[in-house]
Amino acid sequence: MSVVGGMFRKMAILSVKHVCKSYKTGLIKKKTKIILQDITFDVQEGEVLGLTGASGSGKSTLIRCIMRLTPVDSGTIIMDGTDLLQLSPTDLRQSRKVMQMLFQNPASALNPRKTIRESLAEPILIHQLPEATLKEIPGILDMLQLKKDLLDRYPHQLSGGELQRICLGRLLLLRPRLLLLDEPTSMLDVSVQAQIIEIMRNIRKEYPITVLFVSHDLALLKAVCDRIGVMEQGKLLELQPVEELFQHPSEQYTRDLIRAFNDF
Ligand SMILES: Nc1ncnc2c1ncn2[C@@H]1O[C@H](COP(=O)(O)OP(=O)(O)O)[C@@H](O)[C@H]1O
Ligand SMILES: [Mg+2]
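These numbers were taken from a predicted model, which means no experiment stands behind them. (Residues numbered from 1 in each chain as written. Chains lettered and ligands numbered in written order. Predicted model: local features only at pLDDT ≥ 70, side-chain atom pairs only at ≥ 80, totals over all residues. Heavy atoms only, no water.)

Asker: Looking at this model, I keep getting lost on the site of ligand 1. Mind explaining?
Answerer: In the vicinity of ligand 1, the residues found are Y23, K33, I35, A54, S55, G56, S57, G58, K59, S60 and T61. G58 places a polar main-chain atom, nitrogen or oxygen, 3.1 Å from an oxygen atom of ligand 1. Between K59 and ligand 1, the recorded distance is 2.8 Å, taken from a side-chain N or O atom to an oxygen atom. Here ligand 1 loses 63% of its free accessible area of 570 Å² to cover by the protein chains. Of all the secondary structure elements, the ones that give two or more residues to the shell around ligand 1 are β4 (31–44) and α1 (59–66). Per element, the largest residue contribution to the shell around ligand 1 is 3 residues, and it comes from α1. Looking at the shell around ligand 1 residue by residue, the classes come out as 3 nonpolar, 6 polar and 2 charged. (Near = heavy atom within 4 Å. Polar contact = N/O pair within 3.5 Å; in protein donor to acceptor, adjacent residues only side chain to side chain. Areas by Shrake-Rupley, 256 points an atom, 1.4 Å probe, with all protein chains shown as cover. Helix = DSSP H or I, 4+ residues; strand = E, 2+ residues; numbered from the N terminus. Nonpolar A, V, L, I, M, F, W, Y, C, P; charged D, E, K, R; others polar.)

Asker: Is there a simple way to think about the environment of L174 in this case?
Answerer: Along the chain, L174 turns up in the loop between α5 (160–173) and β9 (178–182). Relative accessible area serves as the criterion here: at 12%, L174 is assigned to the buried category. Along the chain, L174 and I124 lie 50 residues apart, while their C-alpha atoms are 7.4 Å from each other. Filtering out sequence-adjacent residues up to four positions away, L174 remains in contact with K97, Q100, P123, H127 and L129. (Buried < 20%, exposed > 50% of the residue type's maximum accessible area, 1.4 Å probe, protein only. Contact = heavy atoms within 4.5 Å.)

Rendered as structure tokens:
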């Protein structure tokens, strides 16, 4: 954090500028479907930034563009001063370590023939991290509210929520600076959501981490985020600190979302 003119100014860890993305659809008559329209926002170091919006509004696509899993049409994505869109494949692999993403359906990311212990150790081997990193596993399990006897089980012997937390644990072992979560609760029930809130608090206590948290669950975002952005049909309508968004939403769409939330 730097001190500018006597005021604390937070640093942007990620800067998304004018990102546009479209898909060509239709086999015979080619049509262009616009998915992201001029998306611009910063993620500040250390914050949890939520992104919400209806299904199909472009949230996952935006995350995929940031991870460079899909190309953008135009715009820049800057992480720590480096334009991710200009990186060579080798440099990209480096940046992937500091930026980790939890997929919507993480269970499929685990090898069914490996024990949870083996799956947790896997990224340590792949990324050639010091072997001492293995010692962090028990602490991470605690933080994620997972029992140690899960370690000797196989993926099919765990619940969806437990699998998701194991996948999150795997990412945390890599000590990413930026964690991208895409609907991490989509396969969980409401009681587990309370647990996710608790876990997010634990993570923030233990790690100096920045999180981009995509969810259509406004209650969850309100509980874990510093700021929330609202997307609709490929546009980022507004992005505000949580209290401000709930008290003074500037867009009609957000007002409707919040009304639906309050009625719920
Ligand atoms: N590979 C693709 N080809 C064509 N259209 C796609 C592709 N991936 C996503 N889309 C479309 O992009 C829009 C945004 O999708 P997505 O980013 O998954 O939204 P969200 O995560 O907010 O639900 C949707 O209309 C979806 O159908
Ligand atoms: Mg999605």
